[in-house]
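A look at the structure
What follows is each chain in one-letter form.
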Amino acid sequence: YWDEVFAPEGLAGHAALDDRSAFIASLGSARSARMRDVLGTIQADQDAVIRAGSRGTLVVDGGPGTGKTVVALHRSAYLLYADPRLGHRRGGVLFVGPNEPYLGYVADVLPSLGEEGVQTCTLRDLVAEGAAAGPETDPEVARLKASAELVAAVEPAVRFYEEPPSEGVQVETHWSDIWLSAADWASAFGAPDPGTPHNEARDQVWEELLTILVEKHDGDAPEEHLRASLRRNRELFTLFDRAWPLIEAADLVADLWSVPAYLRRCAPWLTADEVRLLRRADAQAWTESDLPILDAARLRLGDPEASRRRRRHEAAAAAEREQMDRVVESLLADETLADADADGEGALVMLRGEDLRESLATADRPSGVEPDLLAGPFAHIVVDEAQELTDAQWQMLIRRCPSRSFTVVGDRAQARNGFPESWRERLERVGLDRIALASLTVNYRTPEEIMAEAAPVVRAALPDANVPVSVRSSGIPVAHGSVDDLHTVLADRLAAYEDGTACVIGAPDFRATGRVRSLTPELSKGLEFDLVVLVEPETFGEGVRGAVDRYVAMTRATRELVILTRP
């Protein structure tokens with residue numbers, strides 16, 4: 001066998017670092033449309049990360065080609081298998097990827113490891129509005145909505161609808177009038193258990209309100225009759241409905257963006273200019289930046305249909321019990337059946353019991369809606385390309401993992417919006433603790449010919465970027481040409497390679513084919529191709545974002561990179 005040597009000083013007395021090494025040779029093999037299982041080629045540095053404990057937050061920091069995605073996927077499967085605290089009955093594991101092309105690329109890895117219980121998603125998938133949400137085009141609006149502060153504004157926005165009436169009211173009944181004071185309203189509004197979502201607490205408040213009225217009634221009306229009469233009191237219910245309304249999350253957030261006074265009340269730190277900036281004509285034209293706020297609102301409000309479903313189910317169950325009582329009474333009154341059951345041990349005796357009647361009446365009671373599999377709580381969350389997450393987006397994940405058990409995978413040098421602080425500083429700010437850092441520094445994917453051109457691109461904008469060291473050479477220099485040669489370049493390269501994949505990055509008008517993808521730099525993150533053709537990379541943008549997009553696009557190639565520009 002051949003030892004794997006990744007530094008020149010390690011060659012003395014060891015095997016050569018060349019194509020005769022099975023592992024090194026495998027790195028240059030042709031790629032397919034799906035990531036393959038690489039369990040047999042996992043290296044020691046990667047294996048140590050995979051097997052690290054699950055308590056607290058483990059940060060896996062590494063540049064392109066270091067195997068971060070491989071580590072993230074295999075760690076998800078390993079933890080679910082090896083750590084009994086993370087089993088499915090205790091919440092399981094959630095794997096969060098950056099985009100849909102990425103999830104499609106890695107879709108086969110976990111099943112190939114025998115693990116199909118890990119939930120996988122993008123951040124968009126956590127919110128119903130995510131599928132149709134567009135980009136946030138205004139950078140300043142994006143900056144404001146990226147803050148955890150604005151997410152926290154959801155709490156006062158909901159509390160605004162939980163303030164009890166400040167005036168009492170006379171409630172009429174068939175027997176006498178009952179005075180419902182402001183203190184009574186306040187007492188009822190304080191009935192829900194702490195943490196109960198607004199919409200789901202509504203029934204608790206309503207029942208407490210009825211109880212208060214029943215206890216204050218001085219007449220001799222039977223309690224069940226009085227309560228039933230109050231429940232049907234339209235005037236009382238209308239007052240209650242205004243005081244504690246059912247609220248949709250989308251309506252609440254839309255009001256923040258369309259009613260300046262409401263936004264100022266809930267986010268008093270915003271300046272007048274910022275309030276005007278956040279206002280928009282179509283309040284429900286959702287963008288990616290709205291999703292964390294919608295998610296927080298939905299969690300705080302709960303399901304607005306839960307109360308209605310519960311009332312419908314209770315009404316249906318009551319009608320069913322009434323019908324069952326009539327049937328049972330009819331059977332008990334049947335003298336023929338009574339004679340047949342003269343010994344007192346048959347079905348008629350059983351029908352006189354309440355337990356059998358209740359079981360007959362509730363056997364087919366509807367069970368409600370299907371649970372949201374991404375709502376959590378989860379025992380552990382793995383996040384890939386985590387350098388892109390805003391403080392607001394981190395709140396979406398932390399709410400789903402009360403234990404704060406995370407694997408955070410990313411590369412600060414690939415953050416499109418910059419990442420000036422350390423991982424520890426960023427994660428402590430958003431609420432994570434017990435943070436450990438593991439670094440991957442060996443680039444197994446990208447040939448050194450490509451890294452020689454990619455490294456200066458990112459270091460021009462980020463001088464301290466952690467650029468990994470490539471372990472292999474393809475012998476193919478980076479090629480340069482004209483954008484007019486795009487189709488010729490693809491035809492020549494694909495003809496030369498019987499297998500493998502290619503990707504054109506930066507040409508939105510180019511239509512993908514069987515072996516050739518067409519992506520933006522952002523959507524290419526986490527993916528790899530034998531051939532990458534960059535079209536006019538100078539148009540990717542300026543500053544940190546432009547440099548990062550060029551760097552990411554260049555390092556997707558495992559064999560050959562071609563850069564096309566205009567003359």
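From a predicted model like this one, the values you see are computed outputs, not experimental measurements.

Below, the discussion takes up the overall build of the protein chain. Across its full length, the protein chain holds 25 helices and 15 strands. Among the 567 residues that make up the protein chain, the fraction classed as buried is 48%. Within the protein chain, counting contacts between residues at least 6 apart in sequence, those at least 24 apart form 74% of the total. For the protein chain, the exposed surface amounts to about 27,700 Å²; the carbon and sulfur share of it is 51%.

Let's shift gears to unusual backbone geometry. With an omega of 5 degrees, the peptide bond running from Gly 376 to Pro 377 counts as cis. As for its position among the elements, Pro 377 is in the loop between α20 (354-362) and β6 (380-383). Residues other than glycine seldom take positive phi values, yet Arg 404 does so here, at roughly 60 degrees. Its location among the elements puts Arg 404 in the loop between α21 (391-398) and β7 (406-410).

A few words on the packing of α21 against helix α22 (residues 423-430). Across the interface, α21 lies against α22 with an axial gap of 9 Å and an inter-helix angle of 65 degrees. Considering only the axes of α21 and α22, their crossing is right-handed. Only Arg 426, Leu 427, Arg 429 and Val 430 of α22 make contact with α21, whose side of the interface consists of Asp 391, Trp 394, Gln 395 and Ile 398. By residue class, the composition of the contact of α21 with α22 is four nonpolar, one polar and three charged.

The sheet built from five strands is open, its strands ordered β11-β15-β14-β12-β13 with parallel pairing. Since the sheet does not close on itself, it has two edges, and those belong to β11 (479-482) and β13 (516-519), each with one partner. Recorded for the sheet is a direction-independent mean angle of 25 degrees between the axes of neighbouring strands. Of the pairings in the sheet, the one linking strand β14 (residues 529-535) to strand β15 (residues 557-565) comprises six bridges and is parallel in character. Paired with Leu 534 across the strands is Ile 563, a residue of β15. On top of the sheet, helix α23 (residues 448-461) reaches β11 and β15; it is set at about 45 degrees to β15, its chief contact. Taken strand by strand, helix α24 (residues 486-496) contacts β11, β12 (502-505), β13, β14 and β15, and its axis lies near 170 degrees from that of β14.

Turning next to helix α9 (residues 182-189). Along α9, the residues that are buried comprise Asp 184, Trp 185, Ala 188 and Phe 189. Each buried residue of α9 lies within a common arc of 135 degrees when the element is viewed along its axis, so the set occupies one face. On its buried face, α9 sits against β4 (169-171), β5 (178-180), α10 (198-216) and α12 (234-243).

The next thing to look at is the side chain of Asp 530. Relative to the helices and strands, Asp 530 is located in strand β14. A distance of 2.8 Å separates the side chain of Asp 530 from the backbone nitrogen of Thr 501, its partner in a polar contact.

To continue, consider the nonpolar core. Among the nonpolar cores identified, the biggest contains 60 residues, and Leu 252, Trp 257, Ile 381, Val 383, Trp 394, Leu 397 and Phe 406 are the most heavily contacted of them. Once residues lying within four places of it in the same chain are set aside, the contact partners of Trp 257 are Lys 145, Leu 150, Leu 263, Leu 278, Arg 279, Arg 280, Ala 283, Trp 286, Asp 290 and Ile 293.

All right, on to the pattern of salt bridges then. Across all of its chains, the model carries 31 salt bridges by this definition. Arg 231 is paired through a salt bridge with Glu 207; the nearest N and O atoms lie 2.7 Å apart. Taken together, the residues Arg 231 in helix α11 (residues 223-231) and Glu 207 in helix α10 connect sequence positions 24 residues apart. Exposure remark for Arg 231: the relative accessible area of 38% places this residue in the partly exposed category. In this structure Glu 207 comes out as partly exposed when scored by relative accessible area, which is 31%. A salt bridge links Arg 445 to Glu 528; the nearest nitrogen and oxygen atoms lie 3.8 Å apart. Residue Arg 445 is located in the loop between β9 (442-443) and α23, and its partner Glu 528 is located in the loop between β13 and β14; the two are separated by 83 residues in the primary sequence.

Another point: the environment of Gly 219. Mapped onto the elements of the fold, Gly 219 is located in the loop between α10 and α11. Taking relative accessible area as the criterion, Gly 219 reaches 41% and is therefore assigned partly exposed. For the pair Gly 219 and Trp 175, spaced 44 residues apart in sequence, the C-alpha to C-alpha distance is 6.8 Å.

Now for the pairing of β12. Remember that side chains alternate between the two faces of the sheet whenever the strand is regular. Because side chains alternate across β12, one face comprises the buried residues Ala 502 and Val 504, and the other comprises Cys 503 and Ile 505, equally buried. Here four bridges tie β12 to β13, and the two strands are oriented parallel to one another. Bridge pairing in β13 places Cys 503 opposite Arg 517. Note that β12 and β14 share four bridges and pair parallel. When the bridges of β14 are listed, Val 504 appears paired with Val 533.

Read across the sheet, six strands follow the order β3-β2-β6-β7-β1-β8 without closing on themselves; strand pairing throughout is parallel. Both edges of this open sheet fall to β3 (119-121) and β8 (435-440), since each of them pairs with a single strand only. Adjacent strand axes in the sheet meet at a mean angle of 15 degrees, parallel and antiparallel pairs treated alike. Pairing between strand β2 (residues 93-96) and β3: three bridges, direction parallel. Residue pairing for β3: Val 96 is matched across the bridge by Cys 121. Sheet strands touched by α21: β2, β6 and β7. Its angle to β7, the strand with the most contacts, is close to 145 degrees.

What counts, and at which threshold
Residues numbered from 1 in each chain as written. Predicted model: local features only at pLDDT ≥ 70, side-chain atom pairs only at ≥ 80, totals over all residues. Heavy atoms only, no water. Helix = DSSP H or I, 4+ residues; strand = E, 2+ residues; numbered from the N terminus. Buried < 20%, exposed > 50% of the residue type's maximum accessible area, 1.4 Å probe, protein only. Contact = heavy atoms within 4.5 Å. Areas by Shrake-Rupley, 256 points an atom, 1.4 Å probe, with all protein chains shown as cover. Axes fitted to C-alpha atoms, helices over the stretch in contact; angles between N-to-C directions. Left-handed = near helix turned anticlockwise from the far one by under 90°. Nonpolar A, V, L, I, M, F, W, Y, C, P; charged D, E, K, R; others polar. Pairing = 2+ DSSP bridges. Arc of directions from axis to C-beta. Polar contact = N/O pair within 3.5 Å; in protein donor to acceptor, adjacent residues only side chain to side chain. Core = buried A, V, L, I, M, F, W, Y, C linked by side-chain atoms within 4.5 Å. Salt bridge = Lys/Arg side-chain N within 4 Å of Asp/Glu carboxyl O.

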